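Remarks on the overall topology
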Amino acid sequence: MKWFEYGLTIWIIITLNFLLPRLLPGDPFLIISSDSAQDEEIVLTQEQQDYYKSYYGLDKSMGEQYVAYIGQLAHGDLGYSIYYKEPVSQIIFRRLGWTTFIVVSALVISTGIGVILGSISAWYREKWPDKLLFFQMILLSEIPVFLVGLIILFVFSAWLRLFPLSGAMTHFEDYNSWWDKLFDILNHAFLPIVVLSISQLGGIYLLVRNSMTTVLEKDYLRTAKAKGLNQRRIIFHHALRNALLPVVTRIFLSLGALVGGAILVENVFSYPGLGRLMRECIKVHDYQVVQGIFLVVTIFVLLANFLADTVYKKLDPRVKDCATSQGG
């Protein structure tokens, strides 16, 4: 049953993935390429446009294009880019590493800080540390991620000049060692990772705070307090272990939101990941690459959901037993 749901979801996403780029206004062959350095655009004649539409199969009916698209995917072929003139899989593979790097880094950082702050807030429930942290986390959660990104970019890059304004590496830099190259990469990725971490921090903090508050009211923890156990040991050894179950699920499910946030953040910082690539391809109506990006992101999110289901069953056998009894 679960596999049927995953299969149905993938089919719906693939169908939407096919239709949405084609519903965009405009024609990919009106402006097939441009020279950004000289700000010139090459406009094709009607005869050239007809030739390229025939070459890419875009002169056929929507039904025929859909069947051809499904056939391509069945053979693992994501198509050929109209704008970049190379296989879509190669283009996405080059950009995927940058997006994965900032998403995974932000997930680890936001989870670590969210768990610590949520635990502290739950321990000091209704006292000033809790009220101060709660107000700050709610405030951060309500600010759109692109606005946070712009503020941080202006302050730390444009004003204080502590970090690069854009990109993932310094162009034409001759590195003396791998350490220099690694430092340059981390220096460029620092602000995008910070912004993505902030976008997820509030949700994880609130979840840990609520879960820990429930656990801290259990009798065995009251007994631990009565025995005079160390505060750090009670929080991080006894209480946190029992409060982490919903947090683990949240970590996997937040991957989808992080990928969505990465699309905005990469455009703010001109970071060369999938988000920036998608904006560039939508601008020139490169259907093939846009479809490939949507498909990769979809598989990424579904894989995260599958891992969340699997890990949740491992951590809580009652879920597995319930699913088995329901035939899931």
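Preceding block: the structure.
This text gives an overview of the structure that appears in the document. (Residues numbered from 1 in each chain as written. Predicted model: local features only at pLDDT ≥ 70, side-chain atom pairs only at ≥ 80, totals over all residues. Heavy atoms only, no water.)

A complete count under the given rule lists 5 salt bridges for this structure. The residue Glu-126 makes a salt bridge to Arg-125 at a minimum N-O spacing of 3.9 Å. A salt bridge links Arg-209 to Asp-130; the shortest N-O distance between them is 2.8 Å. Residue Arg-209 is located in helix 7 (residues 178-216), and its partner Asp-130 is located in helix 5 (residues 128-142); the two are separated by 79 residues in the primary sequence. When sorted by exposure, Arg-209 lands in the same class as Asp-130, which is buried. Several salt bridges share partner residues, and in doing so they unite Arg-95, Arg-276 and Glu-280 into one network. (Salt bridge = Lys/Arg side-chain N within 4 Å of Asp/Glu carboxyl O. Helix = DSSP H or I, 4+ residues; strand = E, 2+ residues; numbered from the N terminus. Buried < 20%, exposed > 50% of the residue type's maximum accessible area, 1.4 Å probe, protein only.)

Summed over the entire model, instances satisfying the criterion amount to 6 aromatic pairs. Ring geometry for Phe-18 versus Tyr-66: centroids 5.3 Å apart, planes at 65°, classification edge-to-face. Placement of Phe-18 in helix 1 (residues 2-23) and of Tyr-66 in helix 3 (residues 62-74) is noted, with a sequence separation of 48 residues between them. A ring pair is formed by Phe-163 and Phe-190, whose centres lie 4.9 Å apart and whose planes are at 5°; its orientation type is stacked. Remark: Phe-190 occurs in helix 7 and Phe-163 occurs in the loop between helix 6 (145-159) and helix 7; sequence separation between them is 27 residues. On the basis of relative accessibility, which here comes to 42%, the residue Phe-190 falls in the partly exposed class. (Phe/Tyr/Trp six-rings, centres within 6.5 Å; stacked < 30°, edge-to-face > 60°.)

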